[in-house]
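Coordinate analysis (summary)
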Amino acid sequence: MVNTALLKADAEKLGILINDEQLQKFELLSELLVEQNKTMNLTAITDPDGIAVKHFADSISVLTAYDIPKGARVMDIGTGAGFPGIPLLIMRPDIDLVMVDSTAKKLKYVQSTVDSLGLIATTLHTRAEEAGQSKDYREKFDVVCSRAVAALNVLCEYCLPFVKVGGMFIAMKGAKAQEEIGDAKAAIKLLGGKIVAEKSFTLSDGGERTLVVIKKISQIPPRYPRPSAQIAKKPL
Ligand code: SAH
């Protein structure tokens, strides 16, 4: 149910080696995803090539943007069906991963899938902008990543609050990355961030990707993140 040869090949192009044990976990993950997708709306991508490239290879590409320290605290905001979180965890079971989503049903699937894979991670049911004001989570993470959740200016307000000073936020962006970066410059500065790298690549299906690596260089002002309604009404 996942084209493992294609996954391996795409990963190798990114400079990532997937071992047999990890490949088996990717196979099981694809089965669980396709099975659960029959009864709930998790993903539109269910073909073996699409799962290999658009879900798995794309997710693990995060590893090429930044060398995540061993045992790092990592957060995936708006994980949905577990992307990029679960593939990252398969590749790096040492990370202390928290996967966040505002939809409880999806997180239930994510937690049971992580358990079935014999891995350990935490799921957190909340809106990012709420947890971002909680002392339990604010500025507590070494790395925060996120895919397909919001435009970069809004995404920064969701994600940067969780990053420790000195830590990294990795935004996974598509073909419109440059435009989004242009629109997010002021937000990044205001929230204590600085773009330190932009890594662009093309997946084997032709999809263009850019990983925007934003370092947290100073503490975030207390008023951010603002309540959801304000973020929606007046995005930074
Ligand atoms: N990252 C996944 C899912 C993308 S869909 C992937 O790339 O496949 C976007 C997800 O973000 C949805 O599951 C939605 O519930 C969640 N989401 C959107 N806004 C959110 C917010 N403010 N806080 C937490 N989760 C959010």
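As shown above, the structure is provided for reference.
Scope of this entry: the structure provided in the associated data block. Think of each chain on its own: its residues are numbered from 1, step by step along the sequence as written. Per-residue local features are limited, in this predicted model, to residues with pLDDT of at least 70; the limit for side-chain atom pairs, both in listing and counting, is 80 or more; totals at the level of whole chains, interfaces and linings are taken over all residues. With hydrogens and water set aside, each side-chain value is computed from the structure's full complement of heavy atoms.

Let's shift gears to helix α3 (residues 48-60). The end-to-end C-alpha distance of α3 is 17 Å, a good match for the 18 Å that 13 residues give at a rise of 1.5 Å each. Think of it in three bands: with a 1.4 Å probe and only protein chains considered, a residue is buried below 20% of the maximum accessible area for its type, exposed above 50%, and partly exposed in between. Put simply, DSSP H or I for four residues or longer makes a helix, DSSP E for two residues or longer makes a strand, and each gets a number counted from the N terminus. The buried fraction of α3 amounts to ten of the 13 residues, a majority that puts the element mostly inside the structure. Any helix carries an expected span of 1.5 Å times its number of residues minus one.

Backbone torsion omega between F83 and P84 reads 5°, so that peptide bond is classified as cis. Structurally, P84 can be placed in the loop between β1 (73-77) and α4 (85-91). In this chain, Y224 is followed by P225 through a cis amide linkage whose omega measures 0°. Examined against the element boundaries, P225 turns out to sit in the loop between β7 (208-216) and α9 (228-233). The phi dihedral of A148 falls on the positive side, at around 60°, and the residue is not glycine. Mapped onto the secondary structure, A148 falls in the loop between β4 (141-147) and α7 (152-159). On the basis of relative accessibility, which here comes to 73%, the residue A148 falls in the exposed class.

Any two cysteine sulfur atoms within 2.5 Å of one another count as a disulfide. Summed over all chains, the structure comprises zero disulfides. Cysteine C156 remains unbridged, with the sulfur of C159 as its closest cysteine sulfur at 7.4 Å. You can call C159 buried: its relative accessible area is 0%.

Strand pairing in a sheet relies on backbone hydrogen bonds. The paired strands run either parallel or antiparallel. Strands sit in the order β3-β2-β1-β4-β5-β7-β6 across an open sheet of seven strands; the sheet is mixed. What marks the edges here is a single partner per strand, and that holds for β3 (122-125) and β6 (193-202). Ignoring strand direction, the axes of neighbouring strands in this sheet form an average angle of 20°. Inspection of the sheet shows β1 paired to strand β2 (residues 96-101) by five bridges, in the parallel sense. Within the sheet, the bridge partner assigned to D76 lies in β2 and is M99. The sheet strands contacting α3 are β4, β5 (163-173), β6 and β7, and the helix crosses β4 at an angle near 155°. In short, DSSP must find at least two bridges between two strands for them to pair. Simply put, an axis is a line fit to the C-alpha atoms, just over the touching stretch for a helix, and the angle between two N-to-C directions goes from 0 to 180 degrees. Any two residues having at least one pair of non-hydrogen atoms within 4.5 Å are treated as being in contact.

In this section: the packing of helix α2 (residues 20-37) against helix α5 (residues 104-116). With their axes 10 Å apart at the nearest point, α2 and α5 run at an angle of 150° to one another. Here α2 lies roughly antiparallel to α5, going by the angle between them. Helix-helix and strand crossings are classified by hand; for α2 and α5 the assignment is right-handed. In this structure, α2 uses L28, L29, L32, L33 and Q36 to contact α5, whose residues at the interface are Y109, T113 and S116. Here the word oblique covers every angle except those under 35 degrees (roughly parallel), over 145 (roughly antiparallel) and from 65 to 115 (roughly perpendicular). Working rule for handedness: look at the near helix, and if it is turned counterclockwise from the far one by less than a right angle, call the crossing left-handed; if clockwise, right-handed.

Attention now moves to the site of the ligand. The full set close to the ligand counts 16 residues, and G78, F83, D101, A128 and R147 are the nearest of them. A distance of 2.7 Å is found between a nitrogen atom of the ligand and a backbone nitrogen or oxygen belonging to F83. A distance of 3.3 Å is found between an oxygen atom of the ligand and a side-chain nitrogen or oxygen belonging to T103. When the free accessible area of the ligand is taken as 570 Å², the share hidden by the protein chains comes to 82%. As a working rule, the residues Ala, Val, Leu, Ile, Met, Phe, Trp, Tyr, Cys and Pro are called nonpolar, Asp, Glu, Lys and Arg charged, and the rest polar, with Gly in that last group. Considering only residue class, the shell around the ligand consists of five nonpolar, six polar and five charged. Nearness here has a simple test: a residue counts as near a molecule or strand if at least one of its heavy atoms is within 4 Å of that partner. N or O atoms closer than or at 3.5 Å make up a polar contact, with two conditions inside protein: a donor-capable atom paired with an acceptor-capable one, and, for residues adjacent in sequence, both atoms drawn from side chains. With residues, only the protein chains shown are counted as cover, and all accessible areas are computed by Shrake-Rupley using a 1.4 Å probe.

Our focus in this paragraph is the environment of T46. With respect to the helices and strands, the residue T46 is situated in the loop between α2 and α3. The spatial distance from the C-alpha of T46 to the C-alpha of M1 is 8.2 Å, given a sequence separation of 45 residues. T46 has contacts with V34, N37 and I51, leaving out every residue within four places of it along the chain.

On to the environment of T210. You can see T210 is positioned in strand β7. For T210 and D76, which are 134 residues apart along the polypeptide, the C-alpha to C-alpha distance reads 17 Å. In contact with T210, other than residues within four places in its own chain, are A171, M172, K173, G174, A177, E198, K199 and S200. There is a polar contact of 2.9 Å between the side chain of T210 and the side chain of S200.

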